[in-house]
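# Structural description and commentary
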Amino acid sequence: MLRISIHAGPLTGISRFNRLDWVEIGYKHLAEEADYKVVLFEVGCGVRDQVVLYKYPRWSASVWDLAARAIAAAFSPDPKNPKEEVQPVDDVSKKVAFADRMSAVIQHIPNSGNAIRQLGAIEIVGDEFERGFYGTTVKEEMMPTLRPAPFFFAPRFLRPSELILRGILQGLTGNSTRLPTRPSLLKIEPEIINDERYALTERIPEPACSGFRRWLLQRKRNPAERPYDARASAVPYELFNEFLKKAV
């Protein structure tokens, strides 16, 4: 499961005492194109209805892309037919709801054990002189840190998850009002070596490349699985396909 925890204040000060909203993203169906169950908990409002993201291509884009789509779907007016769309903001004439600073982390929560892993973090800072303008910094494992131009967000009522959504989108695309085009399913062409098909790891884009190497290392700890060197540059193509279908 993935969990996005949203907090008041900077990343350096996050704790359970300043947590605002949180989002839980779990598998409904695990496959190359997975179905995800999404639940959003809003501070002061409680839990929103569960929504489902269908046929999302795993390992094909930034984990923040999935997070943004999950939050956007959770805010859909019709939970039974969720849309991957950013909802419009109410026009503001006088009072602007704003935050000085807000942050969030996205973590992988295992089904068993306590090996929680942080996959990324985002910090949003309000402009000191003009309310409604924000700077954002988006971080992710094995990916470059994103520091896009400031964005404008001035609702009448501030929802923490909605502000984080806008910051994610500004980091990913430079446009805080629209989700990017859905990523395509990750495919790489096999390399034929001695009549056998191999996946060349240098051809695998991030974050899938690092995820694949980590998955290979985990297999070595399981005696029932055939081990394979995670540092190898050529890995059996069928193993890469298995990773796309099963790795979590």
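Scroll up to find the structure.
Now for a description of the structure that goes with this document. The shown structure was predicted, so the numbers you read here are calculated from the model rather than taken from an experiment.

### Concerning the packing of helix α3 (residues 208-220) against helix α4 (residues 237-246)
In the contact formed by α3 and α4, the axes pass within 11 Å of each other and the chain directions differ by 100 degrees. When the interaxial angle is binned, α3 and α4 end up roughly perpendicular. Two secondary-structure elements touch here, α3 through A208, G211, F212, W215, L216 and R219 and α4 through L239, F240, E242 and F243. Looking at the contact of α3 with α4 residue by residue, the class counts come to 7 nonpolar, 1 polar and 2 charged.

### So, the pattern of salt bridges
Under the counting rule described, the total for this entry stands at 14 salt bridges. Among the ionic pairs, D65 bridges to R69, the shortest N-O distance being 2.8 Å. In this pair, D65 and R69 are both assigned in helix α1 (residues 63-74), 4 residues apart and thus about one turn of the helix distant. D65 gets classed as buried once you look at its relative accessible area, which sits at 6%. Assessed through its relative accessible area of 2%, R69 is described here as buried. Ionic pairing is found between E84 and R182, a salt bridge with its closest N-O pair at 2.7 Å. Pair noted here: E84 is in the loop between α1 and β6 (101-108) and R182 is in the loop between α2 (160-173) and β11 (191-193), with a separation of 98 residues, a long-range link. Judged by its relative accessible area of 24%, E84 is partly exposed.

### Considerations on the environment of V89
Tracing the backbone shows V89 in the loop between α1 and β6. On the basis of relative accessibility, which here comes to 29%, the residue V89 falls in the partly exposed class. V89 sits 64 residues away from F153 along the chain, and the two C-alpha atoms are 8.2 Å apart. Every residue in contact with V89, bar those within four places of it in the chain, is listed here: F153, A154, P155 and R166.

### Focus on the sheet that holds strand β12 (residues 196-200)
Strand pairing in a sheet is mediated by backbone hydrogen bonds. Such pairs are either parallel or antiparallel. Taking strand neighbours across the sheet as the criterion, the 3 strands line up as β11-β12-β13 in an open arrangement whose pairing is antiparallel. In the strand order of this sheet, the two ends are held by β11 and β13 (234-236), each with one partner. The sheet shows a mean angle of 50 degrees between the axes of neighbouring strands, direction not considered. Across 3 bridges, β12 lies against β13 in antiparallel orientation. Within β13, the position partnered with A199 by the bridge is V235. In this fold α4 packs onto β12 and β13, with an angle of close to 75 degrees to the strand it touches most, β13.

Criteria and cut-off values
- Residues numbered from 1 in each chain as written.
- Predicted model: local features only at pLDDT ≥ 70, side-chain atom pairs only at ≥ 80, totals over all residues.
- Heavy atoms only, no water.
- Axes fitted to C-alpha atoms, helices over the stretch in contact; angles between N-to-C directions.
- Helix = DSSP H or I, 4+ residues; strand = E, 2+ residues; numbered from the N terminus.
- Parallel < 35°, antiparallel > 145°, perpendicular 65-115°, else oblique.
- Contact = heavy atoms within 4.5 Å.
- Nonpolar A, V, L, I, M, F, W, Y, C, P; charged D, E, K, R; others polar.
- Salt bridge = Lys/Arg side-chain N within 4 Å of Asp/Glu carboxyl O.
- Buried < 20%, exposed > 50% of the residue type's maximum accessible area, 1.4 Å probe, protein only.
- Pairing = 2+ DSSP bridges.

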